[in-house]
Each structure stands twice: as structure tokens, then as C-alpha cells.
Amino acid sequence: MSRTISDVMTAAPQALPLDSTLDEAARIMRDEGIGDVLVTYAGRLCGVVTDRDIVVRAVAERRDTSLTPLGDVCTAELTTVHPEDDAEAAVRLMCEHAVRRLPVVDALQRPVGIVSLGDLAVADGGGPGAARPLHEISRAAPNS
């Protein structure tokens, strides 16, 4: 029996409004031990900002992280999945788009979870082929 996204996702992902600052996102990442925060506008997903985004698109460009809104550096072109989607579809999407995490949204595009490469690797267990998604996604060129 195949697993759905809701079986493997991390529910209640960390999210901030589009006009929140990079400092706010960085503090959440530090406090929660995570590498990304979903970005919303009127409660709907509109982007994602990662720790790498903050470093490459803000710190390296000498932006003031206490003033720079998430909307200035977040990735807005997102690939998403729904809770009822098959987990194997998430693996394919991660491979195709060279991403290591996918936001999970409801029918109104509100974030309800996030599924990461690690979530899928754990869900694969240790059986035959379990390392395949990890290997394939990891060797894909990064999406910056």
C-alpha cells in the first residue's frame, strides 16, 4: 500500500507573512532547528525562504536583515503537493525540480505541512531501493 503525503509530512510548518523580516525568519530557524520558513500572504502560501537564501541573497549582498522583508529574497516559484497525494509523486517532483523539500498545501493554498527529503528517506525504511530517492535528489544540480 502506498503512502500519502499526510503520512510522511511534518504538519504545522513554520510560516511567516511576506512582510516579516529576514531576522524573524532566521530566529525561527535557529529556535526550531529547521532550514526553511514558508512565506504567506493573506494566509496563502506565496514563497519559501531557506537559510541558504538568507546567506546568499541577503547577507552576501550586504542587505540589512533587520529591515529586509522575506518577499525580497524568498523563492516564489514553488512546486507544492497536497496531503492526499502519493509520497512517490513527491520523490519524482523533488528529482525533476532539484529541491529537497516541498510545501504541502490545502485546496485554498494554505500551508498545512512540509515534506522533506529526510521525511521521504525515513518513510522508505531500509528496504531495497530505499537510498534511490536520496541518491537521485542529492546528485541533482541545486535549484538556486
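Use the structure listed above.
Just so it is clear, the structure is predicted and the values come from calculations on it, not from any experiment. (Residues numbered from 1 in each chain as written. Predicted model: local features only at pLDDT ≥ 70, side-chain atom pairs only at ≥ 80, totals over all residues. Heavy atoms only, no water.)

### Some points on the nonpolar core
The biggest cluster of nonpolar side chains holds 13 residues, and the ones touching the most others in it are Leu 22, Ala 25, Val 37, Val 49 and Leu 70. Sorting the residues of this core by element identifies α2 (22-32), β3 (36-41) and α3 (51-59) as the ones contributing at least two each. Not counting residues within four places of it along the chain, the set of residues in contact with Ala 25 comprises Leu 16, Val 37, Val 49, Ile 54 and Leu 70. Val 8, Val 81, Val 91 and Val 115 belong to the second largest nonpolar core, which has twelve residues in total. (Core = buried A, V, L, I, M, F, W, Y, C linked by side-chain atoms within 4.5 Å. Buried < 20%, exposed > 50% of the residue type's maximum accessible area, 1.4 Å probe, protein only. Helix = DSSP H or I, 4+ residues; strand = E, 2+ residues; numbered from the N terminus. Contact = heavy atoms within 4.5 Å.)

### Observations regarding the sheet that holds strand β1 (residues 10-11)
On the basis of which strands lie adjacent, the open sheet formed by three strands has the order β1-β6-β5 and antiparallel pairing. Single-partner strands in this sheet number two, and they are β1 and β5 (101-105). Of the pairings in the sheet, the one linking β1 to strand β6 (residues 111-116) comprises two bridges and is antiparallel in character. Counterpart to Ala 11 in the pairing with β6 is Gly 113. (Pairing = 2+ DSSP bridges.)

### A word on the layout of surface pockets
One number sums up the size of the second largest pocket: a volume of about 220 Å³. Residue lining of the second largest pocket: 13 residues in total, with Thr 10, Gln 14, Ile 34, Asp 36 and Ile 114 positioned closest to the centre. Taken together, the elements giving at least two residues each to the lining of the second largest pocket come down to β1 and β6. Of the residues contributing to the lining of the second largest pocket, the split by class is five nonpolar, four polar and four charged. (1 Å grid on protein atoms, 1.4 Å probe; cavity = no way out; pocket = protein on both sides within 12 Å on 5 of 7 lines; lining within 4 Å. Points joined across faces, edges and corners; volume = space filled by probe spheres on them. Nonpolar A, V, L, I, M, F, W, Y, C, P; charged D, E, K, R; others polar.)

### Structural notes on the environment of Asp 36
Locating Asp 36 in the fold gives a position in strand β3. On a C-alpha basis, the gap between Asp 36 and Ala 15 in space is 9.0 Å, while along the polypeptide they are 21 residues apart. The contact partners of Asp 36, leaving out residues within four places of it in the chain, are Met 29, Val 48, Val 49, Thr 50, Arg 101 and Ile 114. Of the polar contacts made by the side chain of Asp 36, one reaches the side chain of Arg 101; its length is 2.7 Å. (Polar contact = N/O pair within 3.5 Å; in protein donor to acceptor, adjacent residues only side chain to side chain.)

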